[in-house]
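Working through the structure, step by step
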Amino acid sequence: MLTLMEMAQKGQEIPLFTLVAQNEQMKVQLLMERVANGRIVIPYNSHHKPQKPQGFGLGLSTKVSASIGLDADEDSLTDELFKVDEAIRAGTHAIMDLSTAGNMDEARRAIISRVPLPLGTLPVYQAFAEAVRSKGSALALEPEDFFKVMERQAADGVDFMALHSALHTGLLTTAKEDQRVLNLVSRGGSLLMGWMLYHNKENFLYTMFDRILEIAKKYEVTLSLADGMRPGAGADSLCRSQVEELVVLGKLVKRSRQAGVQIMIKGPGHTPPHQITATVQLQKQVCEGAPYFVFGPVSTDVAPGYDEITAAIGGAMASAAGADILCYVTPAEHIAYPNAQDVYRGVVAARIAAHVGDLAKGYKGAENWDLQMSQARREQNVESQKALALDRERLTDFHSSEKPFCTKCEKGCAMAVAGEFFQELPWEC
Amino acid sequence: MTQLIKARQGIITPEVERLAKVEGFTADELSAKVAAGRVVIIKNKQHKNCIAIAVGEGLRTKVNANIGTSPDCVDFADELHKINVAIAAGADTIMELSIGGNVDDFHHQVINQFTLPVGSVPSYQGGMESIEKYGSVVGMKAEDMFEMIERQAKRGIDFMAIHAALNMSIIDRLKNQGRITDIVSRGGAFITGWMLHNEQDNPLYAQFNRVLEICKKYDVTLSIGDAIRPGCIEDSLDRAQVQGLIVAGELVQRALEAGVQVMVEGPGHVPLDQIPATIQLQKQLCHHVPYYILGNLVTDIAPGHDHITGAIGAATAAMAGADFICYVTPAEHLRLPTAEDVHAGVIATRIATHAADIATGVRGAREWDLAMARARKDLDWEKQIELSIDPPTARRIRGERNEEGAEACSMCGGFCAMKLVGEHLGKTGGSC
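Fair warning: this is a prediction, and the values are worked out from it, not measured in the lab. (Residues numbered from 1 in each chain as written. Chains lettered and ligands numbered in written order. Predicted model: local features only at pLDDT ≥ 70, side-chain atom pairs only at ≥ 80, totals over all residues.)

1. A closer look at the overall build of chain A
On a plain count of helices and strands, chain A comes out with 18 helices and 10 strands. Considered along the principal axes of its C-alpha atoms, chain A spans approximately 90 × 50 × 40 Å. For chain A, buried positions account for 59% of its 429 residues. Expressed as a percentage of contacts within chain A between residues at least 6 apart in sequence, the contacts between residues at least 24 apart total 72%. (Helix = DSSP H or I, 4+ residues; strand = E, 2+ residues; numbered from the N terminus. Buried ≥ 20, exposed ≤ 12 C-beta atoms within 10 Å, placed from the backbone. Contact = placed C-beta atoms within 7 Å.)

This is the structure:
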């Protein structure tokens, strides 16, 4: 069985490629060329085959991913499923189930059967959580346990998996010497580091990367290699540990492609605005054009309660610079676990950012959307404006102007005079 | 004498002295920027209780909030409430844009009650009075326009948007251009209608010296209105807009020669990739005087969320050199903003300007983020809330969803991976 990447390399034009190309107004040959060389990934587990497949990468529209998941044993699956529905209603292109508690298998299976979009996970979360349950400590995890979880998730149909494979022991020293303000904010990265320190062993996701590739290949799982050293503060952005890990990520991209496994790279995180372009360019260069999946980026640290906005600013800039998929950030980031309303707002803000980036990148069709909206405004066509709005629900209190036309200026309306001159409807004054 | 004239004469005014400290410069450095026209000190001499602010090159990017009545919704108490909300959210200035009710009285009240600089668009009140007096906006006399500017200046309005950079040649160019949305500036549309109806050039352009005389007398900061700002990203940087900017630059030169403090208003709808060009063009054509922009709104398709499209644009614009940002609220394109919209608009704009200030190295900006990052490292929630851009909101979200003093996790007993990492890196162990 060939992987998607291998089929693209051999020039086999399967319906999936045709569909994704059509949705993106890209020629299928170009899409396949980019899948073949890894510039585009289509997360599409052979056990899930999402009804609405999505491509991430060069020349495609910028996508948005929303993360949800059980965070405590008492969390209700119904609540999480409602968040999934809200994220889809708000227009997300992918869902990540980051459950770390409760019945994780049940939650994942319920979500997969519900979601017509690519679904991602972070398998070390479940692996460590199960080690705590069955062995009394996350540190008691054995590599074999992890691979069982990974295979179970892959067999369930998970389309892409975040894995901290580039986090190796050399980085422990760099991280220590780096003296970052916030040393480690990646939860998976922290757990792995603790495990590495305790056992005085290398990261099994790094040393046993070939096994990861085997499982990924078997189920067509797209790898989403995560940045364990992602900065947790603007001041830590582009520090040595982050850059050193990126170099290793680049090497793993090469190995993954050689194995015919689709791969993308995850990125920050807290990045001040003037470093966003450099961050994206560095990843693109070092990781040989692998699609970049950024978290925000969060452009300033000082706005807890509004991080959907700090991230929209960063996301738009990152997308314009070449980032391919934006992990949403919700208003609850840094303060609380997001509720359904936060999820909705986070997706909408990220979609705005993605679209703004698409305009800047010159993505086909992006400009036309804005043009149609502007024409609807010119024509004062409220219904069209509502239909074209990115978030229609926000326009419930926006009614068509029912009031009689203004007649205050009995002796000539300035707006009418100007409107007539430009052959437009008169504006309201 | 205006702040500009004093600065040129080497006089360090008390305002410059105080604001230099606030902005992290020496008084001489700030005074030199004022003398060059690159910084304006906004305060009308008649606004006695006004605490001046400085706007311009190298300074913290400032945020303005617009408020004001409409003819069918006159509730001045509500507008006062919005001003208080804007101030609480951290606005640096407000613009009072009422076009309904007794505006004279309201201006009087706002000037007396508030210490932050207040701006206006005199042609709004002028247009209203013209309707009362002559039955139409187009019936207004040129004299009325200047009388209104003088009246507002005398009352203490600190900065005024005046659509002087609009003449017949710009209107012709605009028509030939074939824009999607021709004129979206209300003041610009008033003046355009007036010019076409009366077949006369714009008095504010033709008799610009009279505008300058008034501004000079009261030290009103002149804000040259962007009458033909683009109303959609498709129209951005078209010939008409650039022509308007060239004319604005000529007027800036005359204002500077007359010793009048001046800034230039800018768009409006601008796609992200055109923002740096827009700012650089203004800076170059307008002698590097401060640039006061609306947004920028980087896409047209998100009504209901234009505080976000505005924040993306504002951050990019301020990074490229914009100095003063007029907020955009979630109600933009839909209706007049409520107090809640005003709050959301000010906060979103402050986030954007702060993000840009980090990027451009404005003094104190990075330190704020660093302090927050340290509070996060220390897991000091009180400090994090205190340092956040909107402490009440941060406190509310945290308080609603987190139990007070939740005990540290003990699931892994003595074998905590997070604790091990913490020990290795010398940090407080996080939760897993």
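2. With respect to the confidence of the model for chain B
Across chain B, the average pLDDT comes to 93, with 95% of residues at 70 or higher. Scored by ipTM, the complex comes to 0.91, with pTM at 0.93. (pLDDT = per-residue confidence, 0-100.)

3. Concerning the interface of chain B and chain A
For an interface, size is often stated in terms of accessible area lost upon the parts coming together. Residue-level contacts link 85 residues of chain B with 84 residues of chain A. Tallying contributions element by element places helix α15 (residues 339-360) of chain B first for the side of chain B that touches chain A, with 9 residues. Residues of the side of chain B that touches chain A, tallied by class, amount to 49 nonpolar, 21 polar and 15 charged. (Nonpolar A, V, L, I, M, F, W, Y, C, P; charged D, E, K, R; others polar.)

4. Some points on the sheet that holds strand β7 (residues 222-225) of chain A
Residue and element names in this part refer to chain A. As summarised here, the arrangement of the 8 strands in space is β3-β4-β5-β6-β7-β8-β9-β10, forming a closed barrel in which the pairing is parallel. For this sheet, the mean angle separating the axes of adjacent strands, direction not counted, is 25°. In terms of strand pairing, strand β8 (residues 263-267) meets strand β9 (residues 292-295) through 3 bridges, oriented parallel. Residue pairing across strands places Lys 266 opposite Phe 293, the latter belonging to β9. Strand contacts of helix α15 (residues 340-361): β3 (63-68) and β10 (325-327), with the helix running at about 160° to β3, the strand carrying the most contacts. (Pairing = 2+ DSSP bridges. Axes fitted to C-alpha atoms, helices over the stretch in contact; angles between N-to-C directions.)

5. Section: the sheet that holds strand β9 (residues 291-294) of chain B
Strand pairing within a sheet occurs via backbone hydrogen bonds; the two strands may be parallel or antiparallel. Residue and element names in this part refer to chain B. If you walk around this closed barrel you meet the 8 strands as β3-β4-β5-β6-β7-β8-β9-β10, and the pairing is parallel. Between one strand axis and the next, the sheet turns through 25° on average, direction left out of account. In this sheet, strand β6 (residues 159-162) lies alongside strand β5 (residues 118-120) in parallel orientation, the contact comprising 2 bridges. Pairing of Gly 119 across the sheet is with Phe 159, part of β6. Docked against the sheet, helix α12 (residues 239-258) engages β7 (221-224) and β8 (262-266), running at close to 165° with respect to β8.

6. Let's talk about the packing of α12 of chain B against helix α13 (residues 275-285) of chain B
All names here are of chain B. Direction vectors running N to C along α12 and α13 enclose 35°, while the axes themselves pass 9 Å from each other. Between α12 and α13 the crossing geometry is right-handed. Residue-level contacts link Leu 245, Ile 246 and Gly 249 of α12 to Leu 281, Gln 282 and Leu 285 of α13. Across the contact of α12 with α13, the residue classes tally to 4 nonpolar, 2 polar and no charged. (Left-handed = near helix turned anticlockwise from the far one by under 90°.)

7. Some points on the packing of helix α14 (residues 307-321) of chain A against α15 of chain A
Two measures define how a pair of helices packs: the angle their axes make with one another and the distance between the axes. Residues and elements named next belong to chain A. It is at 7 Å that the axes of α14 and α15 come closest, and there the two elements cross at 25°. The angle between α14 and α15 falls in the class roughly parallel. As for the relative orientation of α14 and α15, their crossing is right-handed in sense. Residue-level inspection shows Glu 308, Ile 309, Ala 311, Ala 312, Gly 315, Ala 316, Ser 319 and Ala 320 of α14 in contact with α15, the latter providing Arg 345, Gly 346, Ala 349, Ala 350, Ile 352, Ala 353, Ala 354, Val 356, Gly 357, Asp 358, Ala 360 and Lys 361. In terms of residue class, the contact of α14 with α15 is built from 12 nonpolar, 4 polar and 4 charged. (Parallel < 35°, antiparallel > 145°, perpendicular 65-115°, else oblique.)

8. Points about the nonpolar core
Ranked by size, the top nonpolar core spans 283 residues in total, and within it Ile 95, Ala 312 and Ala 414 of chain A together with Ala 311 and Ile 312 of chain B carry the most contacts. Per-element tally for this core: the top contributor is α15 of chain A, with 12 residues. Excluding residues that lie within four positions of it along the chain, Ile 95 of chain A makes contacts with Ala 66, Ile 68, Val 84, Ala 87, Ile 111, Val 115, Leu 117 and Leu 119 of chain A. Listed in part, the 5 residues of the second largest apolar core include Ile 335 of chain A together with Ile 385, Ala 394 and Ile 397 of chain B. (Core = buried A, V, L, I, M, F, W, Y, C linked by C-beta atoms within 7 Å.)

9. Description of helix α8 (residues 168-177) of chain B
Residue and element names in this part refer to chain B. Those residues of α8 not exposed but buried are Ile 170, Ile 171 and Leu 174. Looking straight down α8, one finds its buried side chains confined to an arc of 100°; they lie on one side. α8 presents Ser 169, Asp 172 and Asn 176 as exposed residues on the side facing more than 90 degrees away from its buried surface. Where the residues of α8 are buried, they touch α9 (186-198) and α12. Backbone geometry just downstream of α8 places Gly 178 in the positive-phi region, at approximately 70°. (Arc of directions from axis to C-beta.)

10. What to know about unusual backbone geometry
Residue and element names in this part refer to chain A. Cis rather than trans, the peptide bond between Pro 268 and Gly 269 has omega equal to 15°. Tracing the backbone shows Gly 269 in the loop between β8 and α13 (276-286). Although it is not a glycine, Lys 49 adopts a positive phi angle of roughly 45°. Within the element layout of this structure, Lys 49 appears in the loop between β1 (40-41) and β2 (56-57). Unusually for a residue other than glycine, Gln 380 sits at a positive phi of about 55°. If you trace the backbone, Gln 380 turns up in the loop between α16 (366-378) and α17 (382-388).

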